[in-house]
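Fold and contact review
Spelled out, the chains give:
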Amino acid sequence: MNAPAPRTRTAVPARLALPASRRSLLRGVGLGALGVAALAACGEESGAAGTSGSGSGGAEGFGDIAVQLSWIKNIEFAGEYFAIERGYYAEEGFGTVDLLAGGAAGTAAEAMVLSRRAQVGLSAPTLTAPAIVNEGAPLKIIGATFQLNPFCLVSVEERTPVRTVEDLAGKRIGVQTGGNEQIFAGFCTANGVDPSTFTIVPVQYDPSVVASGEVDAFMAYLTNEPILLAGQGLTPVTLGFAEQGLPFVAETFTVLQSTIDEQRDMLKAFLRAEVRGWTDAVADPAESARLAVEVYGADLDLELEEQTAEAEAQNELVVTDDTRANGLFTMTEELVQENVEALAVIGTDIAAEQLFDLTLLEEVYAEDPGLITG
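None of the values given here were measured: they were computed from a predicted structure.

Glancing now at the pattern of salt bridges. Opposite charge on two side chains lets them pair, provided their charged atoms get close. Enumeration over the complete set of coordinates arrives at eleven salt bridges. With a shortest N-O distance of 2.9 Å, glutamate 91 and arginine 276 are connected by a salt bridge. Taken together, the residues glutamate 91 in helix H3 (residues 88–91) and arginine 276 in helix H10 (residues 264–283) connect sequence positions 185 residues apart. The exposure class assigned to arginine 276 is partly exposed, which follows from its relative accessible area of 25%. Ionic pairing is found between glutamate 294 and arginine 290, a salt bridge with its closest N-O pair at 3.2 Å. Taken as a pair, glutamate 294 and arginine 290 lie in helix H11 (residues 285–296) at a separation of four residues, close to a single helical turn. Taking relative accessible area as the criterion, arginine 290 reaches 28% and is therefore assigned partly exposed. Here the salt bridges share partners, and the residues they tie into one network are Arg264, Lys268, Glu363 and Glu367.

Structure follows, in structure tokens:
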């Protein structure tokens, strides 16, 4: 898998700046010619030191931890911000918590974890599974923040709304080159859609092409571009991929198998802090947005109102009936199997046990049922 070219914000008009989502679940893990063995060797030399995070706690316990984020420091990582600000990591025995911003070449979670520059990486099955299958990467997913696939097609009511799969016929559909093309191809396969019945238009990550009518629909993130379009006074119409055969989870916690084997207690402590942080984030979208805008993403020119709206929309992906019953980040056996089947649709065949190890979360909630807040 090859990482796509780095994206820049300068090409996007200020009113449509796109700071709020990582856009592609298939940015590429960046293993390339280095290979798993070389990355692991690099990690032996460099350790897991981070350089761009914030937050600190006591020096005892598990020591410092580096967490590779999947995108820039915006609202997507509100739970991590709360876990730092309210001392949950520190209470679990961690020292400095480095939140390493993603979004640039070479910062893919899988590569950072394999090189041991981060102990945990936030990613997605569509990234981690190919790394395991194609590269032999010794990785596992131990939990999922987003329970629903955030990808969608967004159109606008005022122009040519695309409400159903059938509405694709004859339309111009904006799809970003690279990983999103593979996701969209899987969407078509899952729904028996013939791509020759519409026109795919290569686009960047600027939804103004929908507002202007350059394309009729645009591959987007449910928690981002529809909100930006609504901010322009338009009425967004979304067709979610999760309900159309691609029920991928996202913002998954990816770790080395050796970390599970050798530092299980550390990972469980990390998950406890994360659960507490995300519980607070879900309960307080306004404070989530403030932390993103004023503290962790202070250099990104984020807008408070827009980030608050995204936080509210994001909660719909984080909290489901299943997580209310079983706890945040958990996945039911049905959801695990749906993800495995969806991966096969986009070309990656993998067994559930090769990709997921949810036993750490099971232990966390068994030991402290009070973490399940409903």
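Now that the structure is up, let's keep going.
Here we take up the sheet that holds strand E4 (residues 139–146). Across the sheet, five strands lie side by side as E2-E1-E3-E10-E4; this open sheet has mixed pairing. Sheet topology places strand E2 (94–100) and E4 at the edges, where each strand pairs with a single neighbour. Within this sheet the neighbouring strands show an average axis-to-axis angle of 25 degrees, counted without direction. In terms of strand pairing, strand E1 (residues 63–68) meets E2 through five bridges, oriented parallel. Its bridge partner lying in E2, glycine 63 is registered against phenylalanine 94. Most of the contacts of helix H2 (residues 78–85) go to E2, to which it runs at about 155 degrees, and overall it touches E2, strand E3 (120–123) and strand E10 (250–256).

This next bit is on the nonpolar core. Counting residues in hydrophobic clusters, the biggest one holds 94 residues, and the most contacted among them are Leu153, Leu168, Phe184, Phe187, Phe241 and Phe270. Per-element tally for this core: the top contributor is H10, with nine residues. Ignoring any residue separated from it by four or fewer positions in sequence, one finds phenylalanine 184 in contact with Leu153, Ile173, Val175, Phe198, Ile200, Met219 and Phe241. Listed in part, the twelve residues of the second largest apolar core include Val154, Val156, Val203 and Phe218.

Along the chain, threonine 252 turns up in strand E10. Overall, threonine 252 belongs to the buried group, its relative accessible area being 0%. A distance of 3.1 Å separates a polar side-chain atom of threonine 252 from the backbone nitrogen of alanine 124. Beyond its immediate chain neighbours, meaning those up to four positions away, threonine 252 contacts Gly121, Leu122, Ser123, Ala124, Pro125, Ile141, Gly143 and Ala144.

What counts and what doesn't
- Residues numbered from 1 in each chain as written.
- Predicted model: local features only at pLDDT ≥ 70, side-chain atom pairs only at ≥ 80, totals over all residues.
- Heavy atoms only, no water.
- Salt bridge = Lys/Arg side-chain N within 4 Å of Asp/Glu carboxyl O.
- Helix = DSSP H or I, 4+ residues; strand = E, 2+ residues; numbered from the N terminus.
- Buried < 20%, exposed > 50% of the residue type's maximum accessible area, 1.4 Å probe, protein only.
- Pairing = 2+ DSSP bridges.
- Axes fitted to C-alpha atoms, helices over the stretch in contact; angles between N-to-C directions.
- Contact = heavy atoms within 4.5 Å.
- Core = buried A, V, L, I, M, F, W, Y, C linked by side-chain atoms within 4.5 Å.
- Polar contact = N/O pair within 3.5 Å; in protein donor to acceptor, adjacent residues only side chain to side chain.

Any link to function would need more than the numbers given here.
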